[in-house]
Amino acid sequence: MNRRHVFTAASAFGLSLYLAGPVFAADPAATVVANYLAAWNAHDAAKAAGYFSPEVSYFDASVGTPVKGKDAAKTGVIDNFINAAPDLKWEMKGEPVAAGDKVAFEWKFSGTNKGAWADGTAATNKPFAFDGASVFEVKDGLIVNQADYYDALGFYKQLGLM
Amino acid sequence: MVCADPARKVHWCMRRRQVIVIAGVFIVAAVLAAGVSFAVRSSPSPALVIDAYIAAWNRQDAAGAAAYLAEDVVYFDASVGASVEGRQAVREQVIDNFMAAVPDGKWELTAPPFVQGDKASFQWRFTGTNTGEWGNGTPPSGVLVDVEGHTSSEIVDGKIVREADYYDPAAFFDGAP
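Just so it is clear, the model here is predicted, and its values are computed rather than measured.

Novice: Give me the packing of aromatic side chains: which residues, what numbers.
Specialist: Here a ring pair, both rings aromatic, is described through the centre-centre distance and the interplanar angle of the planes. Residue and element names in this part refer to chain B. Under the counting rule described, the total for this entry stands at 39 aromatic pairs over all chains. With a centroid separation of 5.2 Å and an interplanar angle of 90°, the aromatic rings of Phe-98 and Trp-134 are classed as edge-to-face. In this pair, Phe-98 is assigned in helix 4 (residues 87–101) and Trp-134 in the loop between strand 5 (119–129) and strand 6 (144–156), connecting sequence segments 36 residues apart. Judged on exposure class, the residue Phe-98 and its partner Trp-134 are both buried.

Structure, rendered in structure tokens:
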């Protein structure tokens, strides 16, 4: 009886691990990133920044130097974009790629530049839309790394800044 | 309980045990077989294909790089904004084009690629000097290119069926274009 139970339980456990394994492994990081994206689209900077680890490193490849820390990333990136494009939309294209702590997705970012940029550049009132990709690393439910890759030159041209 | 019947006890309980053991063995075998077939189907792994593809680029081997592309590959460069379709078109418009314009171009990964099923993500740094003309007639800028980017790819049966590159092309120009 004991052996039978142990064997049956072991088989069932093994099977459930096998079936649940990949989905379970991919889920938590991708969910954090999806919630973070939703907060951006709700234009809720505080909520979006709530998904950052206190030590987050936010890298914009066209800037080249990462912004370090939750408060600096909120002010320097999220607040900056929400103020400059209060109608912004950040849409995921296709499905994300998720493996362990890492998540990547391709996106389209669009809006109208109705507000000033943090660096003092005045509002251009021009609409813009550009494609990009971001890579995230998530630890204990919080984003510790974000890296954004996009055509910044094309973006500045759309705003008439270049 | 059936097992309580002294006349049938041994026989019946044996049968039940056998059924359970056979079912258990079957489940384990099915799990192993699924794992093995998955491993066989996904070989060579997308990570190996990416490494080999980049190595071919780095030895300026256009034919070698193109050999990792599927016949009907779709290549998207976000800064161009349109897709190039088909191995031969990608070879000419992307691989030959870059190798002619930046003959000493080097592609290195800045983080290990990660893979989910057929899809892979990798971050890179591209360096080199723009000493050659671009396919569209743009003359060389002489600029030392140093740019970081990201590639999303889909790799099926060892061939790249989709590649999408994201980077800031400002790095290819000398000052304001």
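Novice: Explain the environment of Gly-111 of chain A to me, and be specific about the residues and the numbers.
Specialist: All names here are of chain A. Position of Gly-111 among the secondary structure elements: in strand 4 (residues 102–112). Overall, Gly-111 belongs to the buried group, its relative accessible area being 9%. Once the C-alpha coordinates of Gly-111 and Lys-89 are considered, the two residues, 22 residues apart in sequence, prove to be 6.1 Å apart. Excluding residues that lie within four positions of it along the chain, Gly-111 makes contacts with Asp-87, Leu-88, Lys-126, Pro-127 and Phe-128.

Novice: Lay out the confidence of the model for chain A in plain terms, naming residues and giving numbers.
Specialist: On average, residues of chain A score 89 in pLDDT, and 83% of them reach the 70 mark or higher. Note that pLDDT drops below 50 for residues 13–26 of chain A; the model gives that stretch nine contacts with residues more than four away or on any other chain.

Novice: Would you mind going over the pairing of strand 1 (residues 52–60) of chain A in detail, with residue names and values included?
Specialist: Successive residues of a regular strand alternate their side chains across the two faces of the sheet. All names here are of chain A. Most of strand 1 sits inside the fold, with seven of its nine residues counted as buried. The sheet contact formed by strand 1 and strand 6 (residues 142–150) spans five bridges and is parallel. Paired with Phe-59 across the bridge in strand 6 is Ala-147. Two strands pair when backbone bridges link them, and strand 1 and strand 2 (residues 67–68) are joined in this way by two bridges, in the antiparallel orientation. When the bridges of strand 2 are listed, Ser-57 appears paired with Lys-68.

Novice: Please provide a residue-by-residue account of the sheet that holds strand 6 of chain A, values included.
Specialist: Residues and elements named next belong to chain A. If you trace the six strands from one edge of the open sheet to the other, you get 2-1-6-5-4-3, paired in mixed fashion. Each having just a single partner strand, strand 2 and strand 3 (89–99) make up the two edges of the open sheet. Alignment of strand 5 (residues 127–139) against strand 6, held across eight bridges, turns out to be antiparallel. The residue of strand 6 that forms the bridge with Ala-133 is Tyr-149. The strands that helix 3 (residues 70–84) touches are strand 1, strand 2 and strand 4; relative to strand 1, the one it contacts most, it runs at about 55°.

Novice: Summarise the pattern of salt bridges; cite the residues concerned and give the values.
Specialist: All names here are of chain B. What the rule picks out here adds up to eight salt bridges over all chains. Arg-87 serves as the salt-bridge partner of Glu-71, at 3.2 Å between the closest nitrogen and oxygen. Of this pair, Glu-71 sits in strand 1 (residues 69–77) while Arg-87 sits in helix 4, and the two are 16 residues apart along the sequence. By relative accessible area, which is 26% here, Arg-87 ends up partly exposed. Linking Asp-146 and Arg-125 is a salt bridge whose minimum nitrogen-to-oxygen distance equals 2.6 Å. You can see Asp-146 sitting in strand 6 and its partner Arg-125 sitting in strand 5, a full 21 residues away along the chain. A relative accessible area of 41% places Asp-146 in the partly exposed class. Accessibility expressed as a relative area gives 32% for Arg-125, which makes it partly exposed.

Novice: Describe the side chain of Glu-106 of chain A, with residues and values.
Specialist: Here Glu-106 of chain A lies in strand 4. The exposure class assigned to Glu-106 of chain A is buried, which follows from its relative accessible area of 10%. At 3.4 Å, the side chain of Glu-106 of chain A forms a polar contact with the side chain of Ser-152 of chain B. Engagement of the side chain of Glu-106 of chain A in a polar contact is seen with the side chain of Arg-162 of chain B, the distance being 2.7 Å. The contact partners of Glu-106 of chain A, leaving out residues within four places of it in the chain, are Glu-91, Met-92, Lys-93, Gly-132 and Ala-133 of chain A together with Ser-152, Arg-162, Ala-164 and Tyr-166 of chain B.

Novice: Summarise the environment of Asn-130 of chain B; cite the residues concerned and give the values.
Specialist: Residue and element names in this part refer to chain B. Relative to the helices and strands, Asn-130 is located in the loop between strand 5 and strand 6. Measuring from C-alpha to C-alpha, the distance between Asn-130 and Phe-98 comes to 9.0 Å, with 32 residues separating the pair along the chain. If we skip the residues at most four places from it in the chain, Asn-130 touches Ala-101, Val-102, Pro-140, Ser-141, Gly-142, Val-143, Val-145 and Phe-172. A polar atom in the side chain of Asn-130 sits 3.1 Å from the backbone nitrogen of Ser-141.

Novice: With reference to specific residues and values, describe helix 4 of chain B.
Specialist: All names here are of chain B. Taking 1.5 Å of rise per residue, 15 residues should cover 21 Å, and helix 4 covers 20 Å from first to last C-alpha, within 8% of that figure. The largest bend along helix 4 measures about 25° and falls at Ile-95. Every buried residue of helix 4 is accounted for by Ala-89, Val-90, Val-94, Ile-95, Asn-97, Phe-98, Met-99 and Ala-101. On its buried face, helix 4 sits against helix 2 (46–58), helix 3 (62–66), strand 1, strand 2 (83–85), strand 5 and strand 7 (159–167).

What counts, and at which threshold
Residues numbered from 1 in each chain as written. Chains lettered and ligands numbered in written order. Predicted model: local features only at pLDDT ≥ 70, side-chain atom pairs only at ≥ 80, totals over all residues. Heavy atoms only, no water. Phe/Tyr/Trp six-rings, centres within 6.5 Å; stacked < 30°, edge-to-face > 60°. Helix = DSSP H or I, 4+ residues; strand = E, 2+ residues; numbered from the N terminus. Buried < 20%, exposed > 50% of the residue type's maximum accessible area, 1.4 Å probe, protein only. Contact = heavy atoms within 4.5 Å. pLDDT = per-residue confidence, 0-100. Pairing = 2+ DSSP bridges. Axes fitted to C-alpha atoms, helices over the stretch in contact; angles between N-to-C directions. Salt bridge = Lys/Arg side-chain N within 4 Å of Asp/Glu carboxyl O. Polar contact = N/O pair within 3.5 Å; in protein donor to acceptor, adjacent residues only side chain to side chain. Expected span 1.5 Å × (residues − 1). Bend = angle between axes of the 7 residues up to and from the residue.

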